[in-house]
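Listed below, chain by chain, are the residues.
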Amino acid sequence: MNAPHAVNVQASDRVTAMNNRLVAAIVAACVVLAVIGLVAFVEPGPEPGGRRQAGGLQLTRQPDGTMVMGRQGVTTPVLDLYEDFDCPVCKELHATVNATIMRLARDGKVKVVFHTVTIFSDEPMRSNSVRAAAASRCVPAAGWLAFRDAMYAIQPAPHGSASGFTQEELVKAATPSGKDVADCVARQTFRQAHLTQNETLTIDGTPTVLLDGRQLGNIAFDPDALTKAVEGGQGQVV
């Protein structure tokens, strides 16, 4: 009489064990899905070292204040862009080929190095340029391209008598990056660092665009010619 009861107890134990394993599997699956959900939906913050990912592009600020842009692993060719935010011709270059430069970088065809410099010696252009360049060093990689666009959008009239890039304008342009950045801009924290680095310039004017160390000249203002030069991997003096 006891044997059937024993069999029933063993069967019940097996069912219980199977149920426990099923519950454990479901819990494990839920944990995996939760992790995947976090990876998929939590936007990553800025990477260490002032880097950020945007459309496959990575921006990194160098100790000398330059900003390097490109896809990870792309090392050549190198496009060096020397620009002065108060320079009208730099604004023209920006309007003409910035979209081309961004496309080439996103496609992994070039690494870009932005050099924000002060080329003017006369006032008020020199002070305008210095204020904007010093402010740009405060802005982290995540907001730097937008800040650069803003500088050209609010560039003062060429050789005007009134100063441009006022503290209020610069702080407003930097505010999306946070209060600490805005405070850095207002204090002109990197003014002396910019001036010191600017003393090492070897260029004659802005904009100056180099491809692997060779000056592009007028090619830099032609989107098609610039694309061909980059894809051909060589600069040309014009």
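In what follows, the structure referred to is the one given above.
Residues numbered from 1 in each chain as written. Predicted model: local features only at pLDDT ≥ 70, side-chain atom pairs only at ≥ 80, totals over all residues. Heavy atoms only, no water.

### Focus: the overall build of the protein chain
Then, number 1: Within the protein chain one finds eight helices and seven strands.
Then, number 2: Considering the protein chain as a whole, with its 238 residues, one finds that 39% of them fall into the buried category.
Then, number 3: When the accessible surface of the protein chain is totalled, it reaches about 13,200 Å², and 57% of it is carbon and sulfur. (Helix = DSSP H or I, 4+ residues; strand = E, 2+ residues; numbered from the N terminus. Buried < 20%, exposed > 50% of the residue type's maximum accessible area, 1.4 Å probe, protein only. Areas by Shrake-Rupley, 256 points an atom, 1.4 Å probe, with all protein chains shown as cover.)

### With respect to the packing of helix α3 (residues 125-136) against helix α4 (residues 141-153)
Helix packing geometry: the angle between the two helix axes and the distance between the axes.
Then, number 1: Contact pair α3 / α4: the axes reach a minimum separation of 11 Å and the direction vectors enclose 165°. One way to sum up the angle between α3 and α4 is to call them roughly antiparallel. Regarding α3 and α4, the two cross each other, and that crossing is right-handed. Facing Ala 132, Ala 135 and Ser 136 of α3, the residues of α4 in contact are Trp 144, Phe 147 and Met 151.
Then, number 2: Residue composition of the contact of α3 with α4, grouped by class: five nonpolar, one polar and no charged. (Axes fitted to C-alpha atoms, helices over the stretch in contact; angles between N-to-C directions. Parallel < 35°, antiparallel > 145°, perpendicular 65-115°, else oblique. Left-handed = near helix turned anticlockwise from the far one by under 90°. Contact = heavy atoms within 4.5 Å. Nonpolar A, V, L, I, M, F, W, Y, C, P; charged D, E, K, R; others polar.)

### Notes on the packing of aromatic side chains
Then, number 1: On inspection of all chains with the given rule, the structure shows two aromatic pairs.
Then, number 2: With a centroid separation of 5.5 Å and 85° between ring planes, the pair formed by Phe 85 and Tyr 152 is classed as edge-to-face. Taken together, the residues Phe 85 in the loop between β4 (78-83) and α2 (88-106) and Tyr 152 in helix α4 connect sequence positions 67 residues apart. With respect to class, Phe 85 is no different from Tyr 152; both count as buried.
Then, number 3: Here the aromatic rings of Phe 114 and Trp 144 are separated by 5.3 Å at their centres, their planes lie at 50°, and the arrangement is tilted. Taken together, the residues Phe 114 in strand β5 (residues 111-116) and Trp 144 in helix α4 connect sequence positions 30 residues apart. An identical accessibility class is assigned to Phe 114 and Trp 144; each is buried. (Phe/Tyr/Trp six-rings, centres within 6.5 Å; stacked < 30°, edge-to-face > 60°.)

### Brief notes about the state of the cysteines
Then, number 1: Here the structure, examined in full by the defined rule, presents one disulfide.
Then, number 2: Across a sulfur-sulfur distance of 2.1 Å, Cys 138 and Cys 184 are joined as a disulfide pair. On the S-S bond that ties Cys 138 to Cys 184, the torsion sits near -70°, and the link is left-handed. Linking Cys 138 in the loop between α3 and α4 with Cys 184 in helix α6 (residues 179-187), this pair joins segments that are 46 residues apart in sequence. Neither Cys 138 nor Cys 184 differs from the other in exposure class; each is buried. (Disulfide = S-S within 2.5 Å.)

### Side note on unusual backbone geometry
Then, number 1: The residue after Thr 76, namely Pro 77, is reached through a cis peptide bond having omega -10°.
Then, number 2: Take Pro 77: it is sitting in the loop between β3 (67-71) and β4.
Then, number 3: Omega for the bond connecting Glu 123 with Pro 124 falls within 30 degrees of zero, at 5°, which places this linkage in the cis form.
Then, number 4: Assignment of secondary structure puts Pro 124 in the loop between β5 and α3.
Then, number 5: A positive phi is found at Gln 188, a non-glycine position, where the angle reads about 55°.
Then, number 6: Inspection of the secondary structure assignment puts Gln 188 in the loop between α6 and α7 (191-198).
Then, number 7: A relative accessible area of 17% means that Gln 188 is categorised as buried.
Then, number 8: At Asp 212, a position not held by glycine, the phi torsion is positive, near 50°.
Then, number 9: By the element assignment, Asp 212 lies in the loop between β6 (208-211) and β7 (214-215).

### Observations concerning the pairing of β6
Then, number 1: What you see with β6 is no split at all: Thr 208 and Leu 210 on one side and Val 209 and Leu 211 on the other are buried throughout.
Then, number 2: Two strands pair when backbone bridges link them, and β4 and β6 are joined in this way by four bridges, in the antiparallel orientation. Each residue of the ladder has a partner; that of Leu 79, found in β6, is Leu 211.
Then, number 3: Sheet topology note: the β6/β7 ladder contains two bridges and is antiparallel. When the bridges of β7 are listed, Leu 211 appears paired with Arg 214.
Then, number 4: Count of turn residues in the β6/β7 antiparallel hairpin: two residues, of which Asp 212 carries a positive phi of about 50°. (Pairing = 2+ DSSP bridges.)

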